[in-house]
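# Per-entry structural report
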Amino acid sequence: MFSLTDLSAGDWYISIVCLCGERLVLFSDLTQGRGSLKGSLELTCPSCGKRGSYPAEHYRYEPSSEARLLVRHAS
Ligand SMILES: [Zn+2]
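Quick caveat, the model's predicted, so the values are computed rather than measured.

Procedures and definitions
Residues numbered from 1 in each chain as written. Predicted model: local features only at pLDDT ≥ 70, side-chain atom pairs only at ≥ 80, totals over all residues. Heavy atoms only, no water. Helix = DSSP H or I, 4+ residues; strand = E, 2+ residues; numbered from the N terminus. Core = buried A, V, L, I, M, F, W, Y, C linked by side-chain atoms within 4.5 Å. Buried < 20%, exposed > 50% of the residue type's maximum accessible area, 1.4 Å probe, protein only. Donors = N, O, S within 2.8 Å, 3.2 Å for Na, K, Ca; no water. Tetrahedral: all angles 85-135°; square planar, octahedral: opposite > 155°, others 65-115°. Pairing = 2+ DSSP bridges.

Backbone geometry places glutamine 32, a non-glycine residue, at a positive phi of 60°. Note on placement: glutamine 32 falls in the loop between strand E2 (23-28) and strand E3 (40-44).

To continue, consider the nonpolar core. Ranked by size, the top nonpolar core spans 10 residues in total: Ile14, Ile16, Cys18, Leu24, Leu26, Leu41, Leu43, Cys45, Tyr54 and Ala56. Taken together, the elements giving at least two residues each to this core come down to strand E1 (12-17), E2 and E3. Of all hydrophobic cores here, the second largest spans 5 residues; its members include Leu7, Val25, Tyr59 and Tyr61.

Here the focus is the coordination of the zinc ion. Within the first shell, the zinc ion binds the protein through Cys18 (SG), Cys20 (SG), Cys45 (SG) and Cys48 (SG), at distances of 2.3 to 2.4 Å. Taken together, the 4 donor atoms coordinating the zinc ion and their angles of 106 to 114° define a geometry best described as tetrahedral. Counting residues between consecutive donors of the zinc ion along the chain gives the motif C-x1-C-x24-C-x2-C. Taking the relative accessible area as the measure of exposure, cysteine 48 reaches 39% and is therefore partly exposed.

Tracing the backbone shows lysine 38 in the loop between E2 and E3. Remark: the alpha-carbon pair of lysine 38 and proline 55, spanning 17 residues in sequence, is separated by 8.0 Å.

Another point: the pairing of E2. Along a regular strand, successive side chains alternate from one face of the sheet to the other. Across 5 bridges, E1 lies against E2 in antiparallel orientation. Across the sheet, residue tyrosine 13 finds its bridge partner in E2, namely serine 28. Remark: 5 residues form the turn of the hairpin made by E1 and E2, two consecutive strands paired antiparallel; glycine 21 in that turn has positive phi of roughly 100°.

Right, dumping it as C-alpha cells:
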C-alpha cells in the first residue's frame, strides 16, 4: 500500500484525477513518464466513494504538488 512517504520527489507515478478533484497516485511509473498509457483504470475513489473508470496519466511528484491521497490500484 502506498503511503505519502513512499513518494519520492521527481519520481514518476501513474495517477488519475477523480471527478471530485482528488488526485489518486496508484503505482510507480517505471517508464519515467515516457511510456504510452492506453485505456483507463477502474477504481473506487476513497475520497468520494464513487466508482468509475478514469483515464490514467503520468504524474511527476513534487513535494509541493497536490498529491495527498494514495490508493492501491484496484485490479
Ligand atoms: Zn472522488
